[in-house]
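Results of the structural survey
Letter by letter, the chains look like this.
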Amino acid sequence: MTYPPLSRRLIAGLFLTVAGALPVACSKAAPPAAAPPPATTATQPPSSQPAPEAKEPSDLPRTAEPAPAPAPPPVKWIVKTRYGPIVSDDPAAAGKKVAMLTFDDGPHPENTAKILEVLKANQVTALFFVTGNAARYEDVLRQVAEQGHLIGTHTLNHENLRFMTREQQRQAIVGVNETVERVTGRKPRYFRPPFGAYNDDTLALMQELEMQLINWDHGSGDWMDTRDGYKDPAIVIQDVLSEQPRNNQMTPLHPGSIILFHDTLRHTAEALPEIIKGLRELGYEFVTPEP
């Protein structure tokens, strides 16, 4: 059948309208996914805690320090012979220059007290040989012990033992020993015979009483050439420190010297500070035997 031209255009438009309403039997490409929104950085509220401070080196944890090594035991000094010197068998004592200060005939209420002040100020320990008569100054005797000095005995009345029987010697020695032990609480271990004089009875008593006889091998000369009981302290200083004595009555200073002084003499107390200073300048240390 043949349609006029206008009718053909109407029919074609109608056909397209109907076709657009029908489903399309083919897959279509999926539309591109929407891009995620840009990330935003959340702002944290300020913290109520302060920021930690940088630690100083002293605040940092420390590693444990090694324990200090124990101190070596003190050197033991002994007097092997009756006239010295004072020595030691300890290898640690090799090459040491040492001296021991000893004081006879005290205690004296004034001069011994002055000597104790000098020894304390210079940190020196000494050995005092006391007599029974002088030991009546018990406060001074007690002070000698309390300051750490050794106390030996020197008979009751400074007797010459060579002219005494054994029993007489026993009484002269034991009597002062008992006084020292009562006042200080320590039994005397060392004995010095007056004038350095003794005999076989004396040595037998030393064994019986468990004591050691110690004389001296370097005299200070503080008892020699005095005038009214006084002497120029400078002479005492010179005689003690001299390694070349000024006369044959004096002995030379030497390592291990056991030096004899008398703490009853004022000039000895006056000379002592310079003697200690001079000995140290010569390289000497001060030692004593065991209590």
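For the structure given in this document, a descriptive report is provided here. Nothing here was measured: the structure is a model prediction, and the numbers come from that model.

Another aspect to go through is the environment of Ala204. Assignment of secondary structure puts Ala204 in helix 5 (residues 200-209). Separated by 38 residues in sequence, Ala204 and Arg166 place their C-alpha atoms 8.7 Å apart.

On strand 5 (residues 150-153), burial covers both faces: Leu150 and Gly152 on one face and Ile151 and Thr153 on the other are all buried. Pairing geometry for strand 4 (residues 127-130) and strand 5, over four bridges, is parallel. Looking across to strand 5, one finds that Leu127 is bridged to Leu150. Of the crossover connections in this fold, the one passing from strand 4 over helix 3 (residues 138-146) to the parallel strand 5 is right-handed.

Before going further, it helps to spend a moment on the packing of helix 2 (residues 111-122) against helix 7 (residues 266-281). One way to put it is that helix 2 packs onto helix 7 with a least axis distance of 8 Å and a crossing angle of 15°. As judged from the angle between their axes, helix 2 and helix 7 are roughly parallel. Every pair of crossing elements has a handedness; the one defined by helix 2 and helix 7 is right-handed. Touching Asn111, Lys114, Ile115, Val118, Leu119 and Asn122 of helix 2 are Arg266, Thr268, Ala269, Leu272, Pro273, Ile276 and Arg280, all from helix 7. Of the residues belonging to the contact of helix 2 with helix 7, the class tally is seven nonpolar, three polar and three charged.

When glycine is set aside, most residues are seen to have a negative phi, and most peptide bonds are trans. Following Gly84, the chain continues to Pro85 via a peptide bond in cis, the omega torsion being 5°. Going from Gly106 to Pro107, the amide bond is cis rather than trans, its omega being 0°. As for its position among the elements, Pro107 is in the loop between strand 3 (97-104) and helix 2. Positive phi, close to 55°, is recorded for Gln123, a residue that is not glycine. Summarising the element assignment, Gln123 is placed in the loop between helix 2 and strand 4. Backbone geometry places Phe195, a non-glycine residue, at a positive phi of 65°. Note on placement: Phe195 falls in the loop between strand 6 (190-191) and helix 5. Residue Phe195 is classed as exposed on the basis of its relative accessible area of 55%.

What counts as what
- Within each chain, residues carry numbers counting from 1 in the order of the written sequence.
- Only residues with pLDDT of at least 70 are given local features in this predicted model, and only at 80 or more are side-chain atom pairs given and counted; all residues enter the totals for whole chains, interfaces and linings.
- Side-chain numbers here rest on the full set of heavy atoms in the structure, without hydrogens or water.
- Secondary structure elements follow DSSP: runs of H or I no shorter than four residues count as helices, runs of E no shorter than two count as strands, and numbering proceeds from the N terminus.
- The buried label applies to any residue whose accessible area, calculated with a 1.4 Å probe on protein chains only, is under 20% of its type's maximum; exposed applies above 50%, and partly exposed to all values in between.
- Between any two strands, pairing holds if DSSP finds at least two bridges.
- Whether a crossover is right-handed depends on one test, that the path from the first strand over the helix to the second runs clockwise when the strands point away from the viewer.
- Angles here are taken between N-to-C directions and fall from 0 to 180 degrees, while the axes themselves are lines fitted to C-alpha atoms, restricted in helices to the stretch in contact.
- For classification, angles of less than 35 degrees are called roughly parallel, those exceeding 145 degrees roughly antiparallel, those between 65 and 115 degrees roughly perpendicular, and all remaining angles oblique.
- Rotating anticlockwise by less than a right angle from the far helix to the near helix defines a left-handed crossing, while the corresponding clockwise rotation defines a right-handed one.
- Contacts are assigned to residue pairs with any non-hydrogen atoms lying within 4.5 Å of each other.
- In this classification, the charged set is Asp, Glu, Lys and Arg, the nonpolar set is Ala, Val, Leu, Ile, Met, Phe, Trp, Tyr, Cys and Pro, and all remaining amino acids, among them Gly, are polar.

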